[in-house]
Amino acid sequence: MKREKSEALAKAVYSKGVLYEWKRLVKDPFHRLEFETTLHFLTKHLPRKGLILDAGGGPGRYSIELAKRGYDVVLFDITAENLAFAQKEIERQGVSKKVKYIVQGSIVDLSNFKSNTFDAVLCLGGALSHVSTPQNRARAVSELIRVARKGAPIAVSVMGRLGVLMNAIRYWPEELRVTSNTERILRKGDDHMWHHKYYAHFFYAKELKELFARKKLKLLDLTGLEGLSTPYKEEANTLFKKDKAGWKNWIKVHYQVCTHPAVVDTSAHMLIITRKI
Ligand SMILES: C[S@@+](CC[C@H](N)C(=O)[O-])C[C@H]1O[C@@H](n2cnc3c(N)ncnc32)[C@H](O)[C@@H]1O
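Anyway, here's the lowdown on the structure attached to this text. (Residues numbered from 1 in each chain as written. Predicted model: local features only at pLDDT ≥ 70, side-chain atom pairs only at ≥ 80, totals over all residues. Heavy atoms only, no water.)

## Some thoughts on the overall build of the protein chain
Working step 1: Helix and strand counts for the protein chain stand at 13 helices and nine strands.
Working step 2: In terms of C-alpha radius of gyration, the protein chain reaches 18 Å, essentially the compact-globule figure of 19 Å for 277 residues.
Working step 3: For the protein chain, the spread of C-alpha atoms along the three principal axes comes to 45 × 45 × 40 Å.
Working step 4: The buried share of the protein chain, taken over its 277 residues, is 52%.
Working step 5: Carbon and sulfur atoms make up 56% of the accessible area of the protein chain, which totals about 13,100 Å².
Working step 6: One finds the centroid of the 47 positive side-chain charges in the protein chain at a distance of 5 Å from the centroid of its 29 negative side-chain charges. (Helix = DSSP H or I, 4+ residues; strand = E, 2+ residues; numbered from the N terminus. Rg over C-alpha atoms; globule rule 2.2 N^0.38 Å. Buried < 20%, exposed > 50% of the residue type's maximum accessible area, 1.4 Å probe, protein only. Areas by Shrake-Rupley, 256 points an atom, 1.4 Å probe, with all protein chains shown as cover. Lys, Arg positive; Asp, Glu negative; His and termini not counted. Charge placed at Lys NZ, Arg CZ, Asp CG, Glu CD.)

Listed below in C-alpha cells is the structure:
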C-alpha cells in the first residue's frame, strides 16, 4: 500500500478516536501494563533531564507524564484532532511550559527538526505499525535516529504479529475468516484493512531487532509490554479486582519474564530501546 493511502487511513481512524486513544493506556489494569511497563523501561534509560521528542504521541499521554517528570517535550503526530485535544489537556494539567512545541507530520519525514536535536526520541504505541512498506518503516527509523543526539535513547513500540493472531481467535475472529488476510498477516505481517479500517503492520521481534541493527545504535532492551497477560485481558482485570496479593505477584512475574524472547514475540505490543552511539 502507498504511503499516502496508509497515512490517510490512519488519520481518518485516529481523528475519530481521540478520546478512545486518550483513555486507552489507563482504562483498566490490563491496558496499564503497556503504559507502566513502557514507563518502567523509560525510567531505566532516559537521561535525568533534557528535550524529548514524542513522535506519534497522539493525544499526549506520554508527553504529559514526562512533562510532569520535569522533561521538556515536543509532541508530534500525524492527526490534527489528536494534537488539538493534547493542547487543551496540556493546558488543563498545567504543563504548557514544559511542552515546547506541538507539531503535525509523519514520522517518515521529520524534516521539521534538525539533526542531533533531542536527548531522547520516543515513538510509542504503534505509530510505526501504521507505516506501510519496509522501505518507509526503515526511513522512519532513520529519521528517528537522525534527530536524536549522540548518546540519546530511542524507544519505539509496535504491535506484535503473534500477539495479534493469538488475540484474533478470541476478539476478532472475523479477521481470520478470509484466508488471504490471515496468510498476509502471518507471512508479511501486513493487514491492509485492520478492523476494516486501516493499514497495520505486525512485527516479529526478530524483524524489529533487525530494523534497529545499525552501526549508529546499541541495543539496550527489547521487551514485551503486556507480556504473559496478552491473551488474558479479562483474567488480568479480574485478578486485579479480586485478589490484590495475586496481582502483586503476577506483576513481579511480569517484570521477570517480559524480556524473555518467547514473551517478547507473543506480546500484543513490544518495545525496543536503543542508544545512538
Ligand atoms: C495507538 S496511537 C498511540 C498514541 C500514543 N503514542 C500512545 O501510546 O498513547 C498511534 C498514533 O500514531 C499516529 N500515527 C499514525 N501514523 C503516523 C505517522 N505516519 N506519523 C506520525 N504519527 C502517526 C496516530 O495519529 C496515533 O496518534
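## Regarding the side chain of His 31
Working step 1: When you line up the elements, His 31 lands in helix α3 (residues 29-45).
Working step 2: Residue class for His 31 comes out buried when judged on its relative accessible area of 12%.

## Describing the environment of Ile 52
Working step 1: Position of Ile 52 among the secondary structure elements: in strand β1 (residues 51-55).
Working step 2: For the pair Ile 52 and Lys 100, spaced 48 residues apart in the sequence, the C-alpha separation amounts to 9.9 Å.

## Here we look at the packing of aromatic side chains
The way to describe two aromatic rings as a pair is by their centre distance and the angle between their planes.
Working step 1: Enumeration over the complete set of coordinates arrives at seven aromatic pairs.
Working step 2: Plain terms: the ring middles of Trp 22 and Phe 85 are 5.4 Å apart, the flat faces sit at 55 degrees to each other, and that makes the pair tilted. Here Trp 22 is found in helix α2 (residues 18-24), whereas its partner Phe 85 is found in helix α5 (residues 80-92), with 63 residues between them in sequence.
Working step 3: Residue classification places Trp 22 among the buried residues on the basis of a relative accessible area of 9%.
Working step 4: Ring plane angle 80 degrees and centroid distance 5.4 Å describe the contact between Phe 113 and Phe 118, whose orientation is recorded as edge-to-face. When sorted by exposure, Phe 113 lands in the same class as Phe 118, which is buried. (Phe/Tyr/Trp six-rings, centres within 6.5 Å; stacked < 30°, edge-to-face > 60°.)

## Observations regarding the pattern of salt bridges
Working step 1: A complete count under the given rule lists 16 salt bridges for this structure.
Working step 2: When the shortest N-O distance is used, the salt bridge between Arg 69 and Glu 65 registers 2.9 Å.
Working step 3: In this structure, the salt-bridge partner of Asp 119 is Arg 149, at a minimum N-O distance of 2.7 Å. One end of the pair, Asp 119, is in the loop between β3 (99-104) and β4 (120-123); the other, Arg 149, is in the loop between α6 (134-147) and β5 (153-159), with 30 residues separating them in the sequence.
Working step 4: Connected via shared salt-bridge partners are Glu 21, Arg 24 and Glu 34. (Salt bridge = Lys/Arg side-chain N within 4 Å of Asp/Glu carboxyl O.)

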